[in-house]
Amino acid sequence: MKIAVVTGASSGMGREFVLQLEQYITVDEIWVIARRGERLCELQGEVGAKIRPISLDLTESESFTKYSTMLEEEKPEVSLLVNGAGFGKFGKFENIPLEDSMKMIDLNCKALVMMTELTLPYMHSGSKVIELDSLSAFQPVPYITVYGATKAFVLSYSRAMNQELAPRGIRVMSVNPGWVKTEFFEHAFTTNQSEIKYFNKIYEAKDVVATALRDLYKTNKDVSMHGALIRWQTRLVKHLPHTLVMKVWMSQQKKPKNMEQLTK
Ligand SMILES: NC(=O)c1ccc[n+]([C@@H]2O[C@H](COP(=O)([O-])OP(=O)(O)OC[C@H]3O[C@@H](n4cnc5c(N)ncnc54)[C@H](OP(=O)(O)O)[C@@H]3O)[C@@H](O)[C@H]2O)c1
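Residues numbered from 1 in each chain as written. Predicted model: local features only at pLDDT ≥ 70, side-chain atom pairs only at ≥ 80, totals over all residues. Heavy atoms only, no water.

### A word on the environment of Glu22
Then, in step 1: As for its position among the elements, Glu22 is in the loop between helix H1 (12-20) and strand E2 (29-34).
Then, in step 2: Residue Glu22 is classed as partly exposed on the basis of its relative accessible area, which comes to 30%.
Then, in step 3: Sequence-wise, Glu22 and Pro53 are 31 residues apart; in three dimensions their C-alpha atoms are separated by 17 Å.
Then, in step 4: Here Glu22 is in contact with Val47, Gly48 and Ala49, once residues within four sequence places are set aside.
Then, in step 5: In terms of polar contacts, Glu22 uses its side chain to reach the backbone amide nitrogen of Ala49, at 2.7 Å. (Helix = DSSP H or I, 4+ residues; strand = E, 2+ residues; numbered from the N terminus. Buried < 20%, exposed > 50% of the residue type's maximum accessible area, 1.4 Å probe, protein only. Contact = heavy atoms within 4.5 Å. Polar contact = N/O pair within 3.5 Å; in protein donor to acceptor, adjacent residues only side chain to side chain.)

### Some remarks on the pattern of salt bridges
Then, in step 1: This structure, assessed with the given rule, holds 10 salt bridges.
Then, in step 2: When the shortest N-O distance is used, the salt bridge between Arg39 and Glu183 registers 2.9 Å. Of this pair, Arg39 sits in helix H2 (residues 37-41) while Glu183 is found in the loop between strand E7 (179-181) and helix H6 (184-188), placing the two residues 144 residues apart along the sequence.
Then, in step 3: A residue is classified by how much of its surface remains accessible, and Arg39, at 25% relative accessible area, is partly exposed.
Then, in step 4: Under the relative-accessibility criterion, Glu183 is labelled buried at 17%.
Then, in step 5: When salt bridges with common partners are traced through the structure, they connect Glu29, Lys50, Arg52 and Glu74 into a single cluster. (Salt bridge = Lys/Arg side-chain N within 4 Å of Asp/Glu carboxyl O.)

### Brief notes about the packing of aromatic side chains
Then, in step 1: What the rule picks out here adds up to 13 aromatic pairs.
Then, in step 2: Their ring planes at 10° and their centres at 5.2 Å tell us that Tyr24 and Tyr217 sit as a pair that is stacked. Taken together, the positions of Tyr24 in the loop between H1 and E2 and Tyr217 in helix H7 (residues 205-218) put the pair 193 residues apart, joining distant regions of the chain. (Phe/Tyr/Trp six-rings, centres within 6.5 Å; stacked < 30°, edge-to-face > 60°.)

Okay, structure coming up:
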């Protein structure tokens, strides 16, 4: 049985990957993972493949035991793994409960590594992994400090794994979007007065995912970036001292921009 596995499939970009992946691959089942099982069930009938809803909290270690048991029992061939589950908390570090910061590390880093490495034995030459990363991977980001650090981890992990897996014919690609209109922002703000106010441009999830899938199946890129502004910004911050980049970021946050568009 050929399958695709998508975490974070109950909303945002993860859900979009489920809806769009059949433009590139044919699978018998799509295993969709998130906590909200009812949202996962709603995907049934939206795509050609059978949807297998798997309700798991990926910050809980027993979730990985359940997932690996399913793999052992079904022995599927996994054509595509999308690690889309993730969250971020914005604000001064002292306003972010330490428990939330630890959960960001658990979900954005530990769960992503667990899912990748538990799935790899079921992948073959031609199989692919997408790690949902962020533009914040490329520079330190004050007031998104822990979140940005988790995303720097994902970038480093994805690119190195892509090299390690090349002899097996398996591609790993990180997807590094700028701001994307999703439920992400319903969970991100820790207080009503956020230190993060400036959102230079807000993208649509369906467009970011369309670019990611095209990059995955039609190019050899190991990093996918949607939007000329994002690609330009990434290039620029590579060449500037990070102290300067952070100063610009901090001064931008004094001028609110596009906040109202995050949820519209
Ligand atoms: N939106 C942006 O501006 C943006 C920009 C760059 C990168 N990203 C990254 O893109 C990824 C997807 O985010 P999104 O924007 O699509 O946000 P989203 O709509 O909030 O989706 C997040 C997904 O993660 C799942 N999830 C959260 N906690 C989980 C847990 N403990 N266990 C299992 N699943 C969990 C959620 O499902 P349940 O709540 O049902 O569990 C949901 O399906 C994240 O890694 C995020 O960091 C987002």
